[in-house]
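# Commentary on secondary and tertiary structure
The chain contents come next:
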Amino acid sequence: MENKIILKAEDLDGYLTAEDQSDLAKLNEMFGETMKYFEPVNESKIIEGYDRLGHEMQKICSKHPRIKVYSFETEIQAQAEASRVIAKLRDVKTDHQEFIYYSQRAYEMLFRMAYTNQSTDKKGHIIVKTPVNFPVQNYAVHKIPDIDHKINNSVMCVMLRGALLPSMIVSKEIEEFSSNGYITPFALFKISRNDTKNENNMEYVLDLDKSFFNLEQLDGKDLIFADPMNATGGSLVTVVKYLLGQGVKPKSIAFFNTISTLKGSIRITRALENCTCYTLWLDPVMNEKAYIMPGLGDAGDRLNGCDTKEHPRNIIQLLSDYGHNISSLYRSQMFEIERTVLG
């Protein structure tokens, strides 16, 4: 295990308070009651159960100001949009291309919540040259929030595979909103869970030999992590604790998730004092294998397709497999990632 960092589940649970444990136990009990109506399906009871769970999670989140849930923080119209996007991502009938499309929508919504929804932001201007050139070349002016001070110090930190495309999406949003077209540097971490373990004895393994990052580039920066799923919180805590141990002092840490468990979000904000978790949707519990319930399956496989055990793809192969549509849309981001990996 030389040059590998391991974090164990018991280390994570050590960050939880007695009140946290009590809140999470109540959610587990409530979800267990709701599951009784999954088979045979009793739709009215399922709706009733999830309604109670939603209200309880919102009440618990009110005690954790660094957990930002889109459906709790935004107006009713935006909540409906988030609900529809999550429903499509969860659906077993949603194919690969649709899953990418709705993932892009999800991260655009999360970006707005984190960076552009504050009415106090100053306004910037974009002057656009249009295709209309008669009787003279036409231009248009559009106002956007001036958020350079929030985004121009950021570095995208990728916890590989499922996190790759979401990280590119957030970096692209930063580039689009930056007045100078700021393209985030990338730091790539090879972090995995030991899936032979259960939730209560899970191990998180950071493989430094297969990671690509510059410690000096991370010091004093606003570190951004974007991962479709936050189940236990262990992967993020493992990476950040390693960086802190190497003397890296981030200015801030932001974690963006399509779906997170409340337990994972609480663990992270308890373990990392300057980290804020932004999630589009909060799910109540995990099963004993540490999979989110009701969840959306393996987001990495649904975004990237499945690897075989004999031929796992490296980061460059994953980029290549995205195809022309993705590579042309995220050209700047792919160049930065390739430069980070290939030097």
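Residues numbered from 1 in each chain as written. Predicted model: local features only at pLDDT ≥ 70, side-chain atom pairs only at ≥ 80, totals over all residues. Heavy atoms only, no water.

### Observations regarding the pairing of strand β7 (residues 203-212)
Counted residue by residue, β7 has seven buried out of 10 residues, so it is predominantly covered. One ladder, built from five bridges, connects strand β1 (residues 4-8) with β7; its direction is antiparallel. Bridge pairing in β7 links Lys8 to Glu203. Looking at chain direction, strand β6 (residues 186-193) and β7 are connected through five bridges and run antiparallel. Following the sheet pairing, Lys190 is matched in β7 by Asp207. (Buried < 20%, exposed > 50% of the residue type's maximum accessible area, 1.4 Å probe, protein only. Helix = DSSP H or I, 4+ residues; strand = E, 2+ residues; numbered from the N terminus. Pairing = 2+ DSSP bridges.)

### Side note on the confidence of the model for the protein
Overall, the prediction assigns the protein a mean pLDDT of 92, with 98% of residues at 70 or greater. Of all the helices and strands in the protein, helix α13 (residues 315-321) carries the lowest mean pLDDT, 81, while strand β8 (residues 222-226) carries the highest, 98. (pLDDT = per-residue confidence, 0-100.)

### Overview of the packing of aromatic side chains
Applying the stated rule across the entire model yields nine aromatic pairs. Consider the rings of Phe213 and Tyr242, whose centres lie 6.1 Å apart with planes at 80°: the pair is edge-to-face. Here Phe213, found in the loop between β7 and α9 (215-218), pairs with Tyr242, found in helix α10 (residues 234-245); they are 29 residues apart in sequence, far enough to count as distant. Judged by relative accessible area, which is 25%, Phe213 ranks as partly exposed. (Phe/Tyr/Trp six-rings, centres within 6.5 Å; stacked < 30°, edge-to-face > 60°.)

### As for the nonpolar core
Grouped together as the largest cluster of nonpolar side chains are 87 residues, with contacts concentrated most on Met168, Phe225 and Phe256. Broken down by element, the residue count for this core peaks at 11 residues, all from helix α6 (residues 96-116). (Core = buried A, V, L, I, M, F, W, Y, C linked by side-chain atoms within 4.5 Å.)

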